[in-house]
Amino acid sequence: MAHVAVVTGGTRGIGRAICLSLQRDGFTVVANYGGNDDKARAFTDETGIPAYKFDVGDHEATLAACEKIADEVGVIDVVVNNAGITRDGTLLKMSYEEWDDVMRTNLGGCFNMAKATFAGMKERKWGRIVNIGSINGQAGQYGQVNYAAAKSGIHGFTKALAQEGARYGITVNAIAPGYIDTDMVAAVPENVLEKIVAKIPVGRLGQASEIARGVSFLASEEGAFITGSTLSINGGQHMY
Ligand code: CAA
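In what follows, the accompanying structure is described.

Conventions used here
- Residues numbered from 1 in each chain as written.
- Predicted model: local features only at pLDDT ≥ 70, side-chain atom pairs only at ≥ 80, totals over all residues.
- Heavy atoms only, no water.
- Near = heavy atom within 4 Å.
- Polar contact = N/O pair within 3.5 Å; in protein donor to acceptor, adjacent residues only side chain to side chain.
- Areas by Shrake-Rupley, 256 points an atom, 1.4 Å probe, with all protein chains shown as cover.
- Nonpolar A, V, L, I, M, F, W, Y, C, P; charged D, E, K, R; others polar.
- Helix = DSSP H or I, 4+ residues; strand = E, 2+ residues; numbered from the N terminus.
- Contact = heavy atoms within 4.5 Å.
- Buried < 20%, exposed > 50% of the residue type's maximum accessible area, 1.4 Å probe, protein only.

### Focus on the site of the ligand
Here's step 1: As a matter of local geometry, the ligand sits amid 19 residues, with Asp88, Lys93, Ser134, Tyr142 and Tyr147 nearest to it.
Here's step 2: Contact distances for the ligand include 3.4 Å between an oxygen atom and a side-chain N or O atom of glutamine 141.
Here's step 3: One nitrogen or oxygen atom from the side chain of tyrosine 147 is found 2.7 Å from an oxygen atom belonging to the ligand.
Here's step 4: Contact with the protein chains removes 56% of the 1,100 Å² of surface that the ligand exposes when unbound.
Here's step 5: Here the shell around the ligand is built from residues that sort into 10 nonpolar, seven polar and two charged.

Now the structure itself:
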């Protein structure tokens, strides 16, 4: 039977591309989304992939939703922690709420999804967790103390959990995308984005499918010996 893979933030942007790539690989894919019902409905109509609405930053809601997915679709063997938000602003302009929203969604979401699924993976002695970090968690970014801290936290979380999963056949890895052509990056002011793109050696933004390819690789059977690693996919912008 095909493994069930849950992709958080899976109906748009990088998450959507990851869903399509894992579907192509033969996984039974489930997408999570947080807010945009219209986009989620269109996504399911187009792909046949069911979309479950819950806030990955909400611990209880995430546990309940993962139980529901296990009942309705099947036990969860693959988790892709992709859901993420930005609330950019320099420290002096950033509110506590903007700090907290990003931490609980981007980093808390990884914890909540792992708590909901890790015991089952351990019992079945097989699992794949892929966490979407960021170049900005590796290098920092002006105006993103919240996002950079959360993404950097994801890289630490990945290395710690990889050690806990290794002897049970569970791999835990991260991908650190650079600037990818998505709604999130389109929200960066044009003049700021131009300066960022000028510093990407490949000379362009990345495509969501170029991140998804990496996820497919890490989720595959052949990825069994890769754990605790971070795959940077950033057009050469930051070599870490
Ligand atoms: N380094 C040093 N100084 C900088 C700087 C930088 N990288 N960027 C801006 N500044 C300076 C500006 O030159 C300006 O200085 P002056 O006042 O002397 O001219 C000052 O900081 C204020 O800049 P802004 O006018 O831009 O300030 P703002 O308060 O209007 O906006 C900001 C600040 C919201 C952080 C805005 O600059 C911004 O949106 N930056 C982009 C942040 C970014 O890259 N976000 C990534 C989102 S995509 C993502 O996160 C996905 C991923 O994983 C890669």
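Structure's up, so let's keep going.
### Quick word on the environment of serine 134
Here's step 1: Within the secondary structure layout, serine 134 lies in the loop between strand S5 (127-132) and helix H5 (135-139).
Here's step 2: Filtering out sequence-adjacent residues up to four positions away, serine 134 remains in contact with Tyr147, Lys151, His155, Ile175, Ala176 and Pro177.

### Remarks on the side chain of aspartate 77
Here's step 1: Inspection of the secondary structure assignment puts aspartate 77 in strand S4 (residues 76-81).
Here's step 2: Take aspartate 77: its relative accessible area is 8%, and that puts it in the buried class.
Here's step 3: Here the side chain of aspartate 77 touches histidine 3 through a polar contact of 2.8 Å, side chain to side chain.
Here's step 4: When residues no more than four places from it in sequence are discounted, the contact partners of aspartate 77 are His3, Val4, Met121, Arg124, Trp126, Gly127 and Arg128.

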